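Breakdown of the fold
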Amino acid sequence: MASEQLPVDGVAAAAAASGDEPFLGLLDIALLAVLIGGAAFYFLRSRKKEEEPVRSYSIQPTTVSTTTATDNSFIKKLKASGRSLVVFYGSQTGTGEEFAGRLAKEGIRYRLKGMVADPEECDMEELLQLKDIENSLAVFCLATYGEGDPTDNAMEFYEWITNGDVDLSGLNYAVFGLGNKTYEHYNKVAIYVDKRLEELGANRVFELGLGDDDANIEDDFITWKDRFWPAVCDHFGIEGSGEEVLIRQYRLQEQPDVQPDRIYTGEIARLHSMENQRPPFDAKNPFLAPIRVNRELHKGGGRSCMHIELNIDGSKMRYDAGDHVALYPVNDKSLVEKLGQLCNADLDTVFSLINTDTDSSKKHPFPCPTTYRTALTHYLEITAIPRTHILKELAEYCTDETEKQLLRSMASLAPEGKEKYQSWIQDACRNVVHILEDIKSCKAPLDHVCELLPRLQPRYYSISSSAKLHPTDVHVTAVLVEYETPTGRTNKGVATTYLKHKQPKEGGEEVKVPVFIRKSQFRLPTKPETPIIMVGPGTGLAPFRGFIQERQHLRDEGKTVGESVLYFGCRKRSEDYIYEAELNEWVKKGTLTLKAAFSRDQEKKIYVQHLLEQDADLIWDVIGEKKGHFYICGDAKNMAVDVRNILTKILSTKGNMSEADAVQYLKKMEAQKRYSADVWS
């Protein structure tokens, strides 16, 4: 504003100094009157608008502070807004970010104003200055991803504390980890960061919390934070306000006058990115890939498994066998309509949710302005099992006291409340639509529901082709997810249901889906002559189809290729034996040694685990004598754990090792990239 005033001040001063004419002429006075009148009209009009709230809420907004959000200095933001709590998150699917947001909001209860921060967008060396702020505290909500790796947005911070030797004395901190016990490296990142910060001189205010997504990560988190806050109060000598205040993070702004070309219609980041496609393509800028093939692989049995071929020609995206393709799905139209009806909302209303914390780099929870229909279709996870904080906030909109108490109870720490949440929400597989259907007096405004729901995440699939053979095509192998819940409803997988309906028609319009490639560490040996063992029951076969395609291609070129042994399993040879003809052809050509288990083709069930136990000599020969590679793909909870245990036993008996030495041998194989797992739970 100052720069705009300078020329006016200069003209006025020159006129006064000349003494030839009055300070203000008639024209000046007329112009000034117009300006003052216009300003008064604008001021009164804007005040009137402020006095006419779009909606009234029982939940109050947070206070607004006014520093610029483009600065990557979190210290400046904390100081400018009188805050002392910063909660960093390392998140791949959004849960870590959600937990960080909940902690920052709750800080107000304990006289610690908080902010959420993405370490990727911050100068993390400023942690050294945090001690200069009174009662300051840094909390880290960190997920472990892949084979014990930090998430993409926490990688730089992780490397900085790993390789650096900074003095963090005076820094108060706490860590909560998000992991899954079915994986080998359970919560590795959080455990390391908690220990490393202490080694660098920082002061642990509360013990490390570990969340297990295989059990009940929500329960782990709320139990941890219920003990965390009293420890924080004790450490800083402060008292909580007692009464819990529910706070809105975003304010609603309905925008009926926005031009249609300024409204987001499903784009992930850049407006019109789906119409005007330009590389590079990644998570924020997916490529619209035409589906060339979508065919059924199962021959019977009532279940469905799709073989899909995506055309990535012209995208400049490259992949290797073992990489993942990520797909952005959309929610089922009927569920979206149902949610709109339950909230008495016009789904075509154009709106924005605007962060009341102007220091946050996250201005909106999803791309805005948009319509409720687009938000619920493209941006929000409406089929997920809601976490307890959502129930707590929905309870405020219940007019029936019994229903209000039910939701509040399930959001509480009381044992009976936890049991009710487990049975009524988790075991019954109720999503937000089901909850609003069954809790009939809950009439939550749709904008608040949109604020509470997590972001719809891309779904990742192991690529089932080799770029050596299919450089412009990515193959996907996916089982359709559909099941009946204890309440008699049918729940459907978001992505596989979306894909099932994407059927290309000859001569018809192209059917496209938004995708990007994610690189993985799941790789064939660099030397083709190295022998490999692959264990992949069901769709766990996917990456190995790419591996075998590649090895067959190398053999066709006259190269020497090591032995390739595949352990595959399914229910029945006649029903769900996927890619049977291809596998048999590779066996016939001498490229593949195939060991197949059909669990339900005989009275006693046989799984790949049984075949591995029978082949102890072969397995030891490949990985012990010939230093081959061992791969697992599929179910992390049971199969992968069993296979690892069997492998440890084989190493122990055939390699004449103690059990401890066998475990170490396996860890050494992992370090050498000779043992790799691509598993899910």
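Relevant structure appears above.
These numbers were taken from a predicted model, which means no experiment stands behind them.

As a further point, take the pairing of strand S6 (residues 172-179). Burial within S6 is extensive, with 8 of its 8 residues counted as buried. Covered by surrounding structure in S6 are Asn172, Ala174, Phe176 and Leu178 together with Tyr173, Val175, Gly177 and Gly179, the residues of both alternating faces. Of the strand pairs in this sheet, strand S4 (residues 137-145) and S6 are connected by 6 bridges, and their pairing is parallel. Bridge pairing links Val139 to Ala174 in S6. Across 2 bridges, S6 lies against strand S7 (residues 203-204) in parallel orientation. For Tyr173, the partnering residue across the bridge sits in S7 and is Arg204. At this point the chain moves from S6, through helix H6 (residues 188-199), to the parallel S7, and the crossover so formed is right-handed.

On to the packing of aromatic side chains. In the structure shown here, the tally under the stated rule is 30 aromatic pairs. Taking the centre distance of 4.1 Å and the plane angle of 20° together, the rings of Phe351 and Tyr372 count as stacked. Placement of the pair is Phe351 in strand S14 (residues 350-355) and Tyr372 in helix H9 (residues 372-379), with a sequence separation of 21 residues. The buried category is assigned to Phe351, whose relative accessible area is 0%.

Reading across the sheet, the 6 strands line up as S16-S13-S20-S11-S12-S17 and stay open at both edges, with antiparallel pairing between neighbours. The open sheet has two edge strands, strand S16 (459-462) and strand S17 (473-479), and neither has a second partner. Neighbour-to-neighbour, the strand axes of this sheet turn through a mean angle of 40°, independent of strand direction. Where strand S11 (residues 287-296) meets strand S12 (residues 305-311), 5 bridges bridge the pair, whose relative direction is antiparallel. Of the residues in S12, the one forming a bridge with Asn294 is Ile308.

Here Pro279 and Pro280 are connected by a cis peptide whose omega angle stands at 5°. Here the bond from Cys368 into Pro369 is cis, since omega is 0°, no more than 30 degrees from zero. Looking at where Pro369 falls in the secondary structure, it is placed in the loop between S14 and strand S15 (370-371). Backbone geometry at His272 places phi at a positive 65°, although glycine is not the residue there. Tracing the sequence through the fold places His272 in the loop between strand S10 (250-254) and S11. Classification of His272 as partly exposed rests on a relative accessible area of 23%.

What follows is about the sheet that holds S10. An order of S10-S14-S15 is seen for the 3 strands of this open sheet, with the pairing classed as antiparallel. Each of the sheet's edge strands pairs with one partner strand only, and the pair in question is S10 and S15. Two elements, S14 and S15, share 2 bridges in a ladder whose sense is antiparallel. Directly across from Phe351, in S15, lies its bridge partner Thr370.

Reading the values: the criteria
- Residues numbered from 1 in each chain as written.
- Predicted model: local features only at pLDDT ≥ 70, side-chain atom pairs only at ≥ 80, totals over all residues.
- Heavy atoms only, no water.
- Buried < 20%, exposed > 50% of the residue type's maximum accessible area, 1.4 Å probe, protein only.
- Helix = DSSP H or I, 4+ residues; strand = E, 2+ residues; numbered from the N terminus.
- Pairing = 2+ DSSP bridges.
- Right-handed = clockwise from strand over helix to strand, strands pointing away.
- Phe/Tyr/Trp six-rings, centres within 6.5 Å; stacked < 30°, edge-to-face > 60°.
- Axes fitted to C-alpha atoms, helices over the stretch in contact; angles between N-to-C directions.

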